[in-house]
Amino acid sequence: MAEFASARVAIIGGGAVGVSALYHLAKAGWQDAILLEKNELTAGSTWHAAGNVPTFSASWSIMNMQRYSAQLYRGLGAAVDYPMNYHVTGSLRIGHTADRLLEFKRVVGMGRYQGMDLAIMGPEEMRKVYPFLETHDLTGALYDPYDGDIDPAQLTQALAKGARQMGARIERFCPVTALRWTGSEWILSTPKGEVRAEYVVNASGYYAREVGRMFGRDIPMVSMSHQYMLFDTVPEVAAWSAEVGHKLPLLRDVDSSYYLRQEKGGFNLGPYERHPKAHWITPDDPFPEDFSFQLYPDDLDRLSFEIGEAMGRVPLLEKAALVKTINGPIPYTPDGNPLIGPMPGVPNAFEACVFTFGICQAGGAGKVLAEWVTEGATEWDMWSCDPRRFTGFEDRDYAITKGIEVYAHEYDILYPKRVWPDGRMKKLSPVHDRTAALGAQYGAYNGWERALWYARPGDDTSEKASHTWARQGPWAGAIAEECAAVRDAAGILDLPGFSRYRLAGPGAADWLSRQITGKVPGVGRLGLCYFADDKGRIVTEMSAARLAEDEFWLITAATAQSHDREWLLKHLEPGLTLVDETEGWSTQILTGPKARDVLAGVAEADLSLPWLTWQWASIAGAKVMLMRVSFAGELGWEIHSQVADTATVWDAVMAAGQGLGLKPFGMYALDSLRLEKGYRAWKGDLSTDYTVLTGGLGRFVDWAKPEFRGRAALAAEKQAGSKKQFAVLRIEAGAYDPTYMATVWQGDRIVGELTSAGWGHRVGACIGLGCVATEAAVPGTALEVEIFGERVAAVVTGDGALWDAKNERIRA
Ligand SMILES: Cc1cc2nc3c(=O)[nH]c(=O)nc-3n(C[C@H](O)[C@H](O)[C@H](O)COP(=O)(O)OP(=O)(O)OC[C@H]3O[C@@H](n4cnc5c(N)ncnc54)[C@H](O)[C@@H]3O)c2cc1C
């Protein structure tokens, strides 16, 4: 086939997201970019979207993207000379419960930190901005003055105009039908001829799975049917609007699960119904070759509950005549967040697809995608949208089940300990039956079911009981007992699915040394390794066990499996091998002052070997690796056994612990224990939002090494001094622990944020880990932490442990 075009980057798909990616690439100086659209621009989901542009999100990174979008859209029409219908109407997000109000207060705090002035309103204020609202049963509302609605087609055309003005190219009616990687570039087949490109971006919306297959990817996603209804003019609304000179704010009744927007003089009502419908999942409803500018048939019966609720809330709606229903495809990933970032396992390829809120996120997504392509990294940590958070276990059933679950709960409160019930039991520990019999309540980590806590007789294990912001959920007593056992005797945590790679080959140690900031452990020893990017930012943390001179096990978080493997492979040098051995092994953490006594009764091992060593040993005839470490901060070992031996090992250790107070514990207790040690959690405390030095990991930097990734940037930071510093805070929290990104205040100034927090049962205090301005990070400094809108006293305790600061218990 003849060559039709060539460009540095080719984007597949001309919806709001693909065009925004093109715009941002061009803006970043990569004008040599082409966008290929199978039909007309906007033919996918974009043309029929309602065009709401909220900034609200319970997720920090998503909120950041949406804030950026709203800001971009405000100036876009003028910047590219393409006037658009963009109404910044503000919005009222109304709450029916006290817990909802807490959610709003939390988001007000997040918004303030991002420079946005969101506010809580009571009934009277609500009626002032929305006179037609029934407020008697509401607990409050979140007012977002930046919310509004935009014409999605005009937005797309404006971005397209801007991209073209900068020199980028758009080719319409040009479907990509096949593609191949030559080893140095991509060749895309289209009916117009071949397109050569160094990089490719899949921005094909709900077609992403089909386009993904061309790359050999099976993208976990499902297309849901989503509807909104347009109602004719209501004289009272039109008259009010004419009098005040603007539209009503958009109303989101999140507890009844719909939004209601003024549309000209009438309304637009869009529900997220509790019993939604997925499309294109059965043989009698096959995925269409081309669905451009098409819709599904109306299906209003599904929406009767939400329609009734809306009419009760704004009784004027009852008077309005329904004129039109739009029912279109809206794609969902298993967690509802889009895919933005490197395409796992595929060279020079990226994803920017499966957007559920692609109009309000297009601006931010374009920025993020362009950064991934042009710099290989993003300004904000974007793990929540990173395609590598899915690791391959997410089969079709899982993707469909989870997509439906997320849609049906689109507006639900994301309580910190809420565990979603669908799509479970994907990967089970070899001792799952044992832990279940002991009362384990599970959560999924990269699909692996791990005990969160062990319910005692009478503890409420219902899903509903997890709907609380409070620390004292039904798990509280159990966690306290589990932590006490670890402190006073011994605990055992079954930990299936630790991600594990074997690195080997001549020069492996030297290579590893150039990848991490610190020292490579000696043979027989273990080390905690930090991987930085070129800007010195924290990419990941792994435990390295040096098995031989040039052979290592690199062990990392379950959810990090694809992310860390890709990072290692990307930088791996010829002659070295990296094998993912995650599936073959399982792990238990045995920890507490009696851990040695437990092991002495059952293991053939040298239990006098010091902290941070490993050894091959034998338990009940099974070969195990004992690693002398404890994330819980007590004397302890990780017991690594092959999956076939794990049950034998567990049974033997449990039997040996009889009479010594050995007790199983779960992830919630572990979280409490690690906070007391100041140990960081992956992608909570450890993210690219912080450099290794800002993150307080300076002791893991070996300045004597002439070369390691990030060295120059870290050296410059060291010279100039870090603006912010990791700190551990003791917080006078009441019933609620701070949530992720709770702001830290000094007087009337925000000086930082918490990246994790919780109750420390050994020290009997609420502990927060976070980053604050360097001058505020001095131990003893009195600060305040904002928890659901209330500021409570906190004190900086330093950057280390609140429990066993000298590590005497670990080294015992
Ligand atoms: C009823 C409804 C209301 C909605 N309301 C809102 C809202 O108010 N706010 C909001 O933020 N979001 C809303 N959404 C969601 C929003 O529409 C989508 O998230 C958004 O349009 C996705 O944009 P996109 O660019 O990712 O995908 P799309 O707009 O679907 O674009 C993908 C493009 O890829 C093209 N393509 C596919 N395959 C190929 C190929 N092989 N070669 C070349 N091109 C290809 C398609 O033709 C299509 O144009 C709504 C969705 C629905 C259904």
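Placed above this text is the structure.
A brief structural summary. (Residues numbered from 1 in each chain as written. Predicted model: local features only at pLDDT ≥ 70, side-chain atom pairs only at ≥ 80, totals over all residues. Heavy atoms only, no water.)

Re the pairing of strand E30 (residues 614-619)
What counts, and what does not: Residue burial is assigned from relative accessible area. The probe radius is 1.4 Å, only protein chains are included, and a residue is buried under 20% of its type maximum, exposed over 50%, and partly exposed in between. Secondary structure elements are defined from DSSP: runs of H or I of at least 4 residues count as helices, runs of E of at least 2 residues count as strands, and each element is numbered from the N terminus. When DSSP finds two or more bridges between two strands, those strands count as paired.
Extensive coverage of E30 is indicated by the burial of five of its six residues. Note that strand E29 (residues 603-604) and E30 share two bridges and pair antiparallel. In the strand pairing of E30, glutamate 604 is matched with serine 618. In this structure, E30 lies alongside strand E31 (residues 622-627), joined through six bridges in antiparallel fashion. Bridge pairing links isoleucine 619 to alanine 622 in E31. Between E30 and E31, which pair antiparallel in sequence order, lie two residues; one of them, alanine 620, sits at a positive phi of approximately 50 degrees.

A short note on the packing of aromatic side chains
A ring pair, where both rings are aromatic, is described by two values, the distance of the centres and the angle of the planes. Where we set the bar: The criterion for an aromatic pair is that two Phe, Tyr or Trp rings (for Trp, the six-membered ring) have centres within 6.5 Å, with stacked assigned to planes under 30 degrees apart, edge-to-face to planes over 60 apart and tilted to the rest. In this scheme, the term charge over a ring applies when either NZ of a lysine or CZ of an arginine sits within 6 Å of the ring centre and within 35 degrees of the ring normal.
Here the structure, examined in full by the defined rule, presents 35 aromatic pairs. On the numbers, 5.1 Å between centres and 65 degrees between planes, the contact of phenylalanine 393 with tyrosine 398 is edge-to-face. By relative accessible area, which is 17% here, phenylalanine 393 ends up buried. The exposure class of tyrosine 398 is buried, given its relative accessible area of 12%. Above the ring of phenylalanine 4, the side-chain terminus of arginine 169 is found at 5.1 Å from the ring centroid. The cationic tip of lysine 683 hangs over the ring face of tryptophan 682; the distance from NZ or CZ to the ring centre is 5.5 Å.

Details of the layout of surface pockets
Stated formally: A cavity, in this analysis, means grid points on a 1 Å lattice covering only the protein atoms where a 1.4 Å probe fits yet has no way out; a pocket is instead an open set bounded by protein on both sides within 12 Å along at least five of seven lines, and a residue lines either one if it has an atom within 4 Å of a point. Grid points are joined across faces, edges and corners, and a volume is the space filled by probe spheres set on the points. The residue classification treats Ala, Val, Leu, Ile, Met, Phe, Trp, Tyr, Cys and Pro as nonpolar and Asp, Glu, Lys and Arg as charged. All others, Gly included, are polar.
There is about 810 Å³ of room inside the second largest pocket. Along the wall of the second largest pocket there are 34 residues; nearest its centre are Pro342, Trp372, Gly376, Trp567 and Lys570. Mapped onto the lining of the second largest pocket, the elements with two or more residues apiece are strand E19 (349-353), helix H9 (358-375) and helix H14 (561-571). For the lining of the second largest pocket, the element with the highest residue contribution is H14, accounting for six residues. Tallied by class, residues from the lining of the second largest pocket come to 15 nonpolar, seven polar and twelve charged.

Thoughts on the nonpolar core
Grouped burial of nonpolar side chains is what soluble globular proteins tend to show. For clarity, the cut-off: For our purposes a nonpolar core is just a set of buried Ala, Val, Leu, Ile, Met, Phe, Trp, Tyr and Cys residues, chained together by side-chain atoms within 4.5 Å. Whether two residues are in contact is decided by their heavy atoms, any of which lying within 4.5 Å being enough.
Counting 52 residues, the largest nonpolar core has Val9, Ile11, Met65, Val201 and Val373 as the members making the most contacts within it. Among the secondary structure elements, those contributing two or more residues to this core are strand E1 (3-12), helix H1 (16-27), strand E2 (33-36), helix H2 (60-80), helix H5 (152-165), strand E11 (193-202), E19 and H9. Counting residues per element, this core draws most heavily on H9, which supplies nine residues. Those residues within four positions of valine 9 in sequence are excluded, and the remaining contacts are Leu25, Trp30, Asp32, Ala33, Ile34, Ala197, Tyr199, Val201 and Val373. In terms of nonpolar packing, the next biggest core, distinct from the first, is built from 48 residues, Phe56, Tyr411, Tyr530 and Leu802 among them.

Here we look at empty space enclosed by the protein
Taken as a whole and judged by the stated rule, the model has four cavities of 30 Å³ or more. Considering only enclosed or pocket space, the largest cavity measures out at about 80 Å³ in volume. Around the largest cavity sit 14 residues that line it, and Arg106, Met741, Ala742, Thr743 and Glu786 are the ones nearest its centre. Taken together, the elements giving at least two residues each to the lining of the largest cavity come down to helix H3 (98-113) and strand E38 (782-787). With four residues, the single largest contributor to the lining of the largest cavity is H3.

Topic: the site of the ligand
We count it as follows: Being near a molecule or strand, for a residue, means having at least one of its heavy atoms within 4 Å of it. Polar contact criterion, stated in full: a pair of N or O atoms within 3.5 Å, where within protein one must be able to donate a hydrogen and the other to accept it, and residues adjacent in sequence count only if both atoms are side-chain atoms.
Every one of the 37 residues lining the ligand counts as a neighbour, but Glu37, Thr46, Asn52, Phe355 and Gly358 are closest to it. In this structure, an oxygen atom belonging to the ligand sits 2.8 Å away from a main-chain N or O atom of glycine 358. Class assignment for the residues of the shell around the ligand results in 19 nonpolar, 16 polar and two charged.

Notes on the environment of proline 191
Checked against the element boundaries, proline 191 lands in the loop between strand E10 (186-190) and E11. Each C-alpha atom of the pair proline 191 and methionine 1 lies 9.3 Å from the other, and the pair is 190 residues apart in sequence.

Some words on the pattern of salt bridges
Definition in use: Salt bridge, as used here, is a side-chain nitrogen of Lys or Arg placed within 4 Å of a carboxyl oxygen of Asp or Glu.
Enumeration according to the criterion identifies 58 salt bridges in this entry. Here glutamate 194 ties to arginine 180 by a salt bridge, and the two come within 3.5 Å at their closest N and O atoms. Here glutamate 194 is found in strand E11, whereas its partner arginine 180 is found in strand E9 (residues 178-181), with 14 residues between them in sequence. What makes glutamate 194 buried here is its relative accessible area of 15%. One salt bridge connects glutamate 481 with arginine 456, and the closest N-O pair in it is separated by 2.8 Å. One end of the pair, glutamate 481, is in helix H12 (residues 476-488); the other, arginine 456, is in the loop between strand E21 (448-454) and H12, with 25 residues separating them in the sequence. Classification of arginine 456 by relative accessible area gives partly exposed; the value is 26%. Several salt bridges converge on common partners, so that one network encompasses Asp149, Lys247, Arg261 and Glu263.

Topic: the sheet that holds strand E39 (residues 790-798)
The condition is simple: Axis lines are fitted to C-alpha atoms, over the contacting stretch for helices. Their N-to-C directions set the angle, which ranges from 0 to 180 degrees.
Strand order in the closed barrel made by the six strands is E34-E37-E36-E35-E38-E39, with antiparallel pairing throughout. Within the sheet, the average angular offset between the axes of one strand and its neighbour, ignoring direction, is 45 degrees. Looking at chain direction, strand E34 (residues 724-731) and E39 are connected through four bridges and run antiparallel. What sits directly across from leucine 729, in E39, is valine 796. Lying over the sheet, H3 contacts E34, strand E35 (743-746), strand E36 (749-760) and E38, oriented at roughly 140 degrees with respect to E36.

What about the sheet that holds strand E26 (residues 551-556)?
Strand order in this open sheet of five strands is E24-E25-E26-E23-E27, and the pairing throughout is antiparallel. At either margin of the open sheet sits one strand with a lone partner, and together these are strand E24 (526-532) and strand E27 (577-580). Taken over all neighbouring pairs, the strand axes of this sheet differ in orientation by 30 degrees on average, direction set aside. By the bridge criterion, five bridges tie strand E25 (residues 538-548) to E26 in an arrangement that is antiparallel. If you follow alanine 544 over to E26, its bridge partner there is leucine 554.

Quick look at H5
Using the following cut-off: Helix span, expected: 1.5 Å multiplied by one less than the number of residues in the helix.
Between its first and last C-alpha atoms H5 spans 20 Å; for 14 residues at 1.5 Å apiece the expected length is 20 Å, and the two agree. Those residues of H5 that are buried lie in contact with H1, H2, strand E7 (149-150), strand E8 (169-171) and H9. Near the N-terminus of H5, the side chain that reaches the backbone nitrogen of alanine 153, with its oxygen 2.9 Å away, is that of aspartate 151. Once H5 ends, the next one or two residues include glycine 167, with phi positive near 110 degrees.

Observations concerning the side chain of histidine 432
Mapped onto the secondary structure, histidine 432 falls in helix H11 (residues 432-437). Sequence-distant contacts of histidine 432, defined by excluding residues within four places in its chain, comprise Met425, Tyr442 and Glu449.

A look at unusual backbone geometry
Phi at lysine 264 is positive, roughly 50 degrees, even though this residue is not glycine. Relative to the elements of secondary structure, lysine 264 occurs in the loop between strand E14 (258-263) and strand E15 (266-271).

Observations concerning the pairing of E25
Counting buried residues in E25 gives nine out of eleven residues, a clear majority hidden from the surface. For E24 and E25, the ladder comprises seven bridges, and the chain directions are antiparallel. Its bridge partner being in E25, alanine 532 is matched across the sheet by isoleucine 538. Hairpin connection from E24 to E25: five residues lie between these consecutive antiparallel strands, with glycine 536 at a positive phi of about 80 degrees.

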